[in-house]
Every structure is written in structure tokens, then in C-alpha cells.
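The chain contents come next:
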Amino acid sequence: MAPQLFKELIIELRLRHLLSGWCIDDNDFSIHTSREFAQDNLTEISNFSHFNCSEIKLGSKWDKQKIESAGFISDNLETNGLLECIMRVYSSYFSIEQALLNMKIRYYQNVSYSIVESNGDYQDVRFCVGEAVETTLSDGGQPAFGIVKGIIGHKWNDDQDYIFIYLEWLEYLNKFDDLLDCPIYRLQNANNNSWDRIHPISIVSRSPYIPFIHNCKSKCSLQQHDITNCEYIRNDFFFTAI
Ligand SMILES: [Zn+2]
């Protein structure tokens, strides 16, 4: 999207809301939240061979305080209640059925990698926790979107690293906002486990390019959104402009 169009959006108060919390990355025009995409503290994963990902770099490992503030309990799969889910992922994606010897996981704020698409092209992907990503899974015939809640590294029994994302899914409701005519989604409830939250990072094959904004109702204020309202609008103004 041309910079001058952003200037026009910023001038219009009602439209300025659409840009809240988002910024454009100049390098490849992908959209990231304004939360910093930290380049510090990168961990390169060299013994990562599953699927079609390579050149994986993990950034900003979380400490205990950050793990807890993000809503996780610890760096242990069992205490987080994630063991069953991650074993399903190992089984369904990697055909690995053995019991896990290592319960420890690491959390990171951001990740970048290169992925080979079905047509043979390489795609550079990067995203951070908090961003909405399109996945290769589908939801009612639509690409399934989710908000990244965690980027998780785990060493399997053979000491090889596996990198996963923890997503809160955005459920396609097949209804549209009256004013913007953009599709409305519902964020997966914390108690709704109908969709597994953990998947290999390879289900994300492009950087975030479309923001979701809260479907604000009367209980939302400028300072705070009403978190009991789980509806989000897919901002197709960005979707079509890039
Ligand atoms: Zn709101």
C-alpha cells in the first residue's frame, strides 16, 4: 500500500482505528504488529529437518516472568497441559508415536524461516507472538486464520529440534460487518478445544499480511476492549491493497 494512502487513512478518525496497533515492514511490505520484531538474542536451528522449512531463526527467548504473563504456566509440557496435544502433533504430522523423554519446552517471541511452496518457490516467513497468521489448514472452505500465542521449541528424543506454534484460532462465521463489509471471525474460547492449538510452524507459509481488528461494541472504550466479546473483523482493506 502506498505511503500516501496511509496518510489519508490516518487523517480520517474513523478509519484511523483500522490501523491501531499495526505497522508496515518496509522490507517486504508485510504487516506486523507494532510490537517490536526483536532481532536480538537469535537462536539458529541447524538440525531442523522436518517438512519444507529451513534457515529457522528464533528470537527473544522468554524468561519465567514472560512465560507466566503470556498465560502459560511453566516451561514443562505436562504442567502446562500440553503433553497430549504435542504428542498428537508428533503423531499426525511426523508419524512419531514414541513416548517423549524430554518434557522441557522453550518459548520465543518471534521466528523467521524459509519455506518451499508446492510450486518450488521459496518464501521467507516471519512473524511474532500476537500477530494473526494465515495457515495452510482450512475452515469451512476458507483459509484458517489464528492469532499466535506462543512459538515453542522442543527437543525430541533424538535431540533434534521441533518448532511449533500455539494458536488461538479465528473461526470464520460467514457473516460480515455492515459498515466495512469485511468478514467477522470469532476468537477460540479458552475452554474450546475442538481445534488443536499446537501445530508445526510449517502450517504458516507466508508472513502476516492481514490484520484483524476487534469488532468493537458499546462496552469497548478507547482505553480497553470488552474481552467478553470475542468477535474480530478481518480488515480486507489491507487484504486487497497489498
Ligand atoms: Zn473493542
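The structure contained in this document is the topic of the report that follows. (Residues numbered from 1 in each chain as written. Predicted model: local features only at pLDDT ≥ 70, side-chain atom pairs only at ≥ 80, totals over all residues. Heavy atoms only, no water.)

Things to note about the overall build of the chain
A tally of helices and strands in the chain yields five helices and 13 strands. Across the 242 residues in the chain, those meeting the buried criterion constitute 48%. Sequence separation of at least 24 residues holds for 61% of the intrachain contacts in the chain that already meet a minimum separation of 6. Per element, the accessible surface of the chain, about 13,000 Å² overall, is 49% carbon and sulfur. (Helix = DSSP H or I, 4+ residues; strand = E, 2+ residues; numbered from the N terminus. Buried < 20%, exposed > 50% of the residue type's maximum accessible area, 1.4 Å probe, protein only. Contact = heavy atoms within 4.5 Å. Areas by Shrake-Rupley, 256 points an atom, 1.4 Å probe, with all protein chains shown as cover.)

Observations concerning the packing of aromatic side chains
With the rule as written, the count across this model stands at 15 aromatic pairs. Taken together, a centroid distance of 6.0 Å and an interplanar angle of 80 degrees make the contact between F145 and Y185 edge-to-face. Here the residue F145 occupies a position in strand β8 (residues 142–155), and Y185 occupies one in strand β10 (residues 183–187), the gap between them amounting to 40 residues. Chaining the aromatic ring pairs together yields one cluster made of Y90, Y93, F94, Y162 and F164. The ring centre of W62 lies 5.1 Å from the NZ or CZ of K66, which sits over that ring. Here the guanidinium or amino end of R206 rests over the ring plane of Y209, the centre of that ring lying 3.6 Å away. (Phe/Tyr/Trp six-rings, centres within 6.5 Å; stacked < 30°, edge-to-face > 60°. Lys NZ or Arg CZ within 6 Å of the ring centre and 35° of its normal.)

Digging into the pattern of salt bridges
This structure, assessed with the given rule, holds nine salt bridges. One salt bridge in this structure joins D161 and K155, with 3.2 Å as the shortest N-O distance. On the basis of relative accessibility, which here comes to 28%, the residue K155 falls in the partly exposed class. Note that E231 and K175 form a salt bridge whose closest N and O atoms lie 3.0 Å from each other. Of this pair, E231 sits in strand β13 (residues 231–234) while K175 sits in strand β9 (residues 161–176), placing them 56 residues apart in sequence. Relative accessible area serves as the criterion here: at 15%, E231 is assigned to the buried category. Under the relative-accessibility criterion, K175 is labelled partly exposed at 38%. The network of salt bridges with common partners includes R106, K155 and D161. (Salt bridge = Lys/Arg side-chain N within 4 Å of Asp/Glu carboxyl O.)

Section: the pairing of β13
Alternating positions in β13 separate into two faces, E231 and I233 on one and Y232 and R234 on the other, with burial throughout. The pairing of β10 with β13 spans three bridges and is antiparallel. If you follow R186 over to β13, its bridge partner there is E231. (Pairing = 2+ DSSP bridges.)

Quick word on the pairing of β8
By the criterion of burial, β8 is predominantly enclosed, with 10 of the 14 residues buried. Summarising the sheet, strand β5 (residues 105–116) and β8 pair through four bridges and their orientation is antiparallel. Counterpart to Y107 in the pairing with β8 is I152. Taken together, the five bridges between strand β7 (residues 132–139) and β8 define a ladder with antiparallel strand orientation.

Quick notes on the side chain of N229
Tracing the chain through its elements places N229 in the loop between β12 (212–214) and β13. A residue is classified by how much of its surface remains accessible, and N229, at 13% relative accessible area, is buried. In terms of polar contacts, N229 uses its side chain to reach the backbone amide nitrogen of E231, at 3.0 Å. When neighbours within four sequence positions are excluded, N229 is seen to be in contact with H214, N215 and K217. (Polar contact = N/O pair within 3.5 Å; in protein donor to acceptor, adjacent residues only side chain to side chain.)

Some words on the coordination of the zinc ion
Every protein donor of the zinc ion is accounted for by H214 (ND1), C216 (SG), C220 (SG) and H225 (ND1), and the metal-donor separations fall at 2.0 to 2.4 Å. For the zinc ion, the four donor atoms in the first shell make angles of 98 to 125 degrees at the metal, so the coordination geometry reads as tetrahedral. (Donors = N, O, S within 2.8 Å, 3.2 Å for Na, K, Ca; no water. Tetrahedral: all angles 85-135°; square planar, octahedral: opposite > 155°, others 65-115°.)

Description of the environment of E55
Relative to the elements of secondary structure, E55 occurs in strand β4 (residues 53–61). Taking the relative accessible area as the measure of exposure, E55 reaches 57% and is therefore exposed. In sequence terms E55 and S112 are 57 residues apart; their C-alpha atoms lie 7.7 Å from each other. Among all residues touching E55, those that are not within four sequence positions of it are S112, Y113 and S114.

Some remarks on the environment of Y209
Position of Y209 relative to the elements: it lies in the loop between β11 (198–200) and β12. Under the relative-accessibility criterion, Y209 is labelled buried at 9%. Between the C-alpha atoms of Y209 and E134, which are 75 residues apart in sequence, the distance is 8.4 Å.

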